[in-house]
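This is what each chain is made of:
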Amino acid sequence: AHYPSRLKNRKISYRIPQLIVPAIALPYIMDRWEKAQKKKSKRAKFNCSGLAKPDGGDMQPITDAVLKACQADYRLSLSKGSLPRFAGVDCGDTAHFACYELLPNGRKRWLWFEELDSDEMVERIDTLWDELGLSGLVVDAKPLRVEARTIAYHHPEKVWLQDFKGEELTEEIGEHKGKQFQRVMVDRDDSLDEFCDLFTVEPEPLMMLPAKDADSPAILDVVDIHLKNLRKEKTVDQRGNVVFRFVKNVANHFGMAMNSAIIAEYLAVGKHFNLGPVEYKSLQHRRVKSKGAY
């Protein structure tokens, strides 16, 4: 109905809800519906596939109110601790680094944010690795390929180079001139949907951010801006379908770095190796290919 000119070419499409497909069991649909009640992005996906109702979810999932609800009484700290830490890096002329500490209850307490000169990124991340005691890190494979591989060579088994491609989280081993490194591929929009859900999951958000006052570092304001810029827009894909995708080419770098850190936790905990000062096995993750990031 949106494209009447296509009728003459007999190009007609329909949205069919899973509810009317006999081959799809109702208990399966109900299970998906129950799981979707706790996460906004899952509710949107259920509306699209289960009910055939186009739904992009929240077009701006992270707002000032959401950020305020995630604030806790602590400050940024560049020091080691007894709990595992995970970090992510969004690469560009200025790289953005974000690190959090994983609490025993699964909450993520963000400890450090920093903007890095790409020319000095490798050396600075090596220093941050020692100062924070990192357990895992995900860094963009592009555009700084040489620098990203160098970081991976310095910390084998605990660093992954990330590409946004495919529909499932997939790990593989990359190789360059005889040297191996770990790679991870994720769907950009699915992983960001999952990431944004962590700020609003009920009954308590899994994200913890430092409370802000007059003495807070200015970088926390930048982090807030970047997180709020993780917003969606409605577009039409090459097939003429209406889709909702996270906006590109905006200042959202700390948000992307934080998303990469969450993926690092998923990958590292799944390996069940020593995650830093303590052996951490409270979260029983399974390393499987899955839709979305975690």
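So, how was this worked out
- Residues numbered from 1 in each chain as written.
- Predicted model: local features only at pLDDT ≥ 70, side-chain atom pairs only at ≥ 80, totals over all residues.
- Heavy atoms only, no water.
- Phe/Tyr/Trp six-rings, centres within 6.5 Å; stacked < 30°, edge-to-face > 60°.
- Buried < 20%, exposed > 50% of the residue type's maximum accessible area, 1.4 Å probe, protein only.
- Lys NZ or Arg CZ within 6 Å of the ring centre and 35° of its normal.
- Helix = DSSP H or I, 4+ residues; strand = E, 2+ residues; numbered from the N terminus.
- Pairing = 2+ DSSP bridges.
- Core = buried A, V, L, I, M, F, W, Y, C linked by side-chain atoms within 4.5 Å.
- Contact = heavy atoms within 4.5 Å.
- Axes fitted to C-alpha atoms, helices over the stretch in contact; angles between N-to-C directions.
- Lys, Arg positive; Asp, Glu negative; His and termini not counted.
- Salt bridge = Lys/Arg side-chain N within 4 Å of Asp/Glu carboxyl O.
- pLDDT = per-residue confidence, 0-100.
- Polar contact = N/O pair within 3.5 Å; in protein donor to acceptor, adjacent residues only side chain to side chain.
- Patch = residues over 30% accessible without salt bridge, like charges linked within 9 Å, V, L, I, M, F, W, Y side chains within 5 Å.
- Areas by Shrake-Rupley, 256 points an atom, 1.4 Å probe, with all protein chains shown as cover.
- Charge placed at Lys NZ, Arg CZ, Asp CG, Glu CD.

Participant: I'd like a rundown of the packing of aromatic side chains, residues and numbers included.
Facilitator: Within this structure, the stated rule accounts for six aromatic pairs. With a centroid separation of 5.3 Å and an interplanar angle of 80°, the aromatic rings of Phe 195 and Phe 199 are classed as edge-to-face. Of the two residues examined, Phe 195 and Phe 199, each falls in the buried class. Connected via pairs of aromatic rings, a cluster forms that spans Phe 86, Tyr 100, Trp 110, Phe 113 and Phe 254. If you follow Arg 109 out to its NZ or CZ, it ends over the ring of Tyr 74, 6.0 Å from the centre.

Participant: An account of the pairing of strand 8 (residues 179-186) is requested, with residue identities and associated values reported.
Facilitator: Both faces of the sheet carry side chains from a regular strand, because those side chains alternate between them. Along strand 8, six of the eight residues are buried, which leaves the element largely enclosed by surrounding structure. The pairing of strand 6 (residues 159-164) with strand 8 spans five bridges and is parallel. Bridged to Asp 163 within strand 8 is Met 185. By the bridge criterion, seven bridges tie strand 7 (residues 170-176) to strand 8 in an arrangement that is antiparallel. Following the sheet pairing, Glu 175 is matched in strand 8 by Gln 180.

Participant: Account for the nonpolar core, with residues named and values stated.
Facilitator: Judged by nonpolar contacts, the single largest core of 71 residues is most densely connected at Phe 97, Trp 110, Phe 113, Leu 137 and Phe 199. Those residues in contact with Leu 137 that sit more than four places away from it in its chain are Ala 87, Val 89, Phe 97, Ile 125, Trp 129, Ile 151, Lys 158, Val 159, Trp 160 and Ala 264.

Participant: Explain the sheet that holds strand 3 (residues 94-102) to me, and be specific about the residues and the numbers.
Facilitator: On the basis of which strands lie adjacent, the open sheet formed by nine strands has the order 1-9-4-3-2-5-6-8-7 and mixed pairing. Because the sheet does not close on itself, it has two edges, and the strands there are strand 1 (71-72) and strand 7. Two strands pair when backbone bridges link them, and strand 4 (residues 108-117) and strand 9 (residues 207-210) are joined in this way by two bridges, in the parallel orientation. For Arg 109, the partnering residue across the bridge sits in strand 9 and is Met 208. Taken strand by strand, helix 7 (residues 219-228) contacts strand 3, strand 4 and strand 9, and its axis lies near 100° from that of strand 4.

Participant: Give a detailed account of the side chain of Arg 149, specifying residues and quantitative values.
Facilitator: Structurally, Arg 149 can be placed in helix 5 (residues 145-154). Despite its burial, Arg 149 remains without a salt bridge, the nearest opposite charge being carried by Glu 147 at 8.0 Å. Ignoring anything within four residues of it in the chain, the contact list for Arg 149 reads Leu 161, His 176 and Phe 181.

Participant: Account for the environment of Leu 137, with residues named and values stated.
Facilitator: Residue placement: Leu 137 occurs in strand 5 (residues 134-140). Note on Leu 137: relative accessible area 0%, which makes it buried.

Participant: An account of the confidence of the model for the protein is requested, with residue identities and associated values reported.
Facilitator: In the predicted model, the protein carries a mean pLDDT of 85, and 87% of its residues have values of at least 70. Here residues 272-294 is modelled with pLDDT under 50, and outside its nearest four sequence neighbours on either side it reaches 61 contacts, counting other chains as well.

Participant: For the side chain of Asp 126, give the residues involved together with the corresponding values.
Facilitator: As for its position among the elements, Asp 126 is in helix 4 (residues 121-132). One buried charged side chain, Asp 126, makes no salt bridge at all; its nearest oppositely charged neighbour is Arg 124, positioned 11 Å away. Within the structure, the side chain of Asp 126 is placed 2.8 Å from the side chain of His 154, a separation counted as a polar contact. In contact with Asp 126, other than residues within four places in its own chain, are His 154 and His 155.

Participant: Tell me about unusual backbone geometry, and name the residues and values.
Facilitator: Between Lys 142 and the following residue, Pro 143, the backbone shows a cis peptide bond with an omega angle of 5°. Notably, Glu 157 is not glycine yet its phi reads approximately 75°, a positive angle. Within the secondary structure, Glu 157 sits in the loop between helix 5 and strand 6. Of note in this structure, Lys 177 is not a glycine but carries a positive phi near 50°. Its place among the elements puts Lys 177 in the loop between strand 7 and strand 8. For Lys 177, a relative accessible area of 77% gives the class exposed.

Participant: Please give an account of a negative patch on the surface that cites residues and values.
Facilitator: On the surface, Asp 93, Asp 117, Asp 119, Glu 120 and Glu 123 cluster together into a negatively charged patch. Take Glu 123: it is sitting in helix 4.

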